[in-house]
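# Residue-level structural notes
For reference, the chains in residue letters:
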Amino acid sequence: MEAERLGHRVLDGTALETPATAKAFRMRAERAPDRRQLHAAAALAGVTGLLVVIGQWVDPLAAIALFTGGFLVVLVGGIWQQHTRLKDERRLLATRPWQVWPARVHKLRARTRAGATACRVDLLARNGAVVRSGKADLPTALWNAMTDGVGTLWICGDLRQPYLVAAPGGTAWTLCHPEDPPEHSVHITIRT
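Residues numbered from 1 in each chain as written. Predicted model: local features only at pLDDT ≥ 70, side-chain atom pairs only at ≥ 80, totals over all residues. Heavy atoms only, no water.

### Details of the state of the cysteines
Spelled out, the test is: The criterion for a disulfide is a pair of cysteine sulfur atoms lying within 2.5 Å.
Inspection of the entire model under this criterion finds zero disulfides. Unpaired in terms of disulfides, Cys119 finds its nearest cysteine sulfur in Cys176, a separation of 9.5 Å.

This is the structure:
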């Protein structure tokens with residue numbers, strides 16, 4: 001593990017064994033839509049689509065039915081995305097430990113959801129050199145806590161794949177997508 005190699009602290013056990021992380025995950029799971037909601041919305045979207053296709057709607061109601069069907073399809077997509085994200089977070093938290101990294105964050109000019117700030121996250125070696133970089137929508141409270149854009153972050157996962165970034169304590173996390181390291185090319189000129 002890169003964190004151990006660089007002398008950074010790695011917490012014992014998996015991240016989900018950390019009591020504060022386990023409690024925060026339970027709260028997230030309780031707030032997330034469950035499978036029954038997903039199945040109900042999918043069934044309503046299917047019935048609405050089927051009725052539109054077979055022509056059972058009177059012309060004035062066809063536009064309303066199409067709008068309702070479209071809304072239900074978007075709703076099903078959103079619920080499915082939340083369900084998948086929660087499952088991926090659980091997999092990471094249940095199999096990987098928290099790693100404590102010094103980090104530097106830079107605000108990006110990207111649109112993001114309310115309560116989050118789009119950032120480039122640079123994970124640092126002890127000498128301040130950038131070891132890995134990624135992009136994440138950090139919770140705004142975490143962004144504000146990183147005085148001068150420098151501080152400590154908890155990381156869960158393999159740094160070569162999307163991993164979780166959290167405030168110390170492991171209670172508020174978000175997914176970070178690693179950036180490919182810049183390609184360094186060497187040009188050799190042979191003079192004769």
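So much for the structure itself; the text now carries on.
### Some details on a nonpolar patch on the surface
Worth spelling out the cut-off: Like charges are joined within 9 Å and nonpolar side chains (Val, Leu, Ile, Met, Phe, Trp, Tyr) within 5 Å, but only among residues with over 30% relative accessible area and no salt bridge; these make up the patches. Methods summary: accessible areas were calculated by the Shrake-Rupley approach with a probe of 1.4 Å, and residue burial reflects only the protein chains presented. Should a side-chain nitrogen of Lys or Arg be within 4 Å of a carboxyl oxygen of Asp or Glu, the pair is scored as a salt bridge. Where helices and strands are cited, they refer to DSSP runs of H or I of at least four residues and of E of at least two residues respectively, numbered from the N terminus. Whether a residue is buried, partly exposed or exposed follows from its accessible area with a 1.4 Å probe, protein chains only, as a fraction of its type maximum: under 20%, in between, or over 50%, in that order.
A surface patch of nonpolar side chains, about 350 Å² in accessible area, is lined by Phe67, Phe71 and Leu75. Its place among the elements puts Phe71 in helix α4 (residues 59–95). For Phe71, a relative accessible area of 52% corresponds to the exposed category.

### Focus: the pairing of strand β3 (residues 130–139)
Our working rule: Any two strands with at least two DSSP-identified bridges between them are counted as paired.
Sheet analysis places strand β2 (residues 116–124) next to β3, joined by nine bridges and oriented antiparallel. By the bridge assignment, Ala116 is partnered in β3 with Pro139. Where β2 hands over to β3, the hairpin turn is made up of five residues, of which Gly128 adopts a positive phi near 95 degrees. Sheet topology places β3 next to strand β6 (residues 173–178); three bridges connect them, and they run antiparallel. Counted as the bridge partner of Lys135 is His177 from β6.

### Examining the nonpolar core
Applicable threshold: Throughout this description, the term nonpolar core refers to a set of buried Ala, Val, Leu, Ile, Met, Phe, Trp, Tyr and Cys residues connected via side-chain atoms within 4.5 Å. In this analysis, two residues are considered to be in contact whenever any of their non-hydrogen atoms come within 4.5 Å of each other.
Ranked by internal contacts, the top residues of the largest apolar core, which has 22 residues, are Trp101, Val121, Leu123, Leu138, Leu153 and Ile155. When contributions to this core are tallied by element, the ones reaching two or more residues are β1 (99–107), β2, β3, β4 (150–156) and β5 (163–166). Apart from the residues lying within four places of it in its own chain, the contact partners of Val121 are Arg104, Val105, Arg132, Ser133, Gly134, Ala136, Leu138, Leu153 and Cys176. Membership of the second largest hydrophobic core comes to 15 residues, among which are Leu16, Trp98, Leu164 and Trp173.

### Topic: the sheet that holds β2
Note the following rule: As a rule, the C-alpha atoms of each element are fitted with a line to give its axis, helices using only the stretch in contact, and angles between N-to-C directions run from 0 to 180 degrees.
Strand order in the closed barrel formed by six strands is β1-β2-β3-β6-β5-β4, and the pairing between neighbours is antiparallel. Ignoring strand direction, the axes of neighbouring strands in this sheet form an average angle of 45 degrees.

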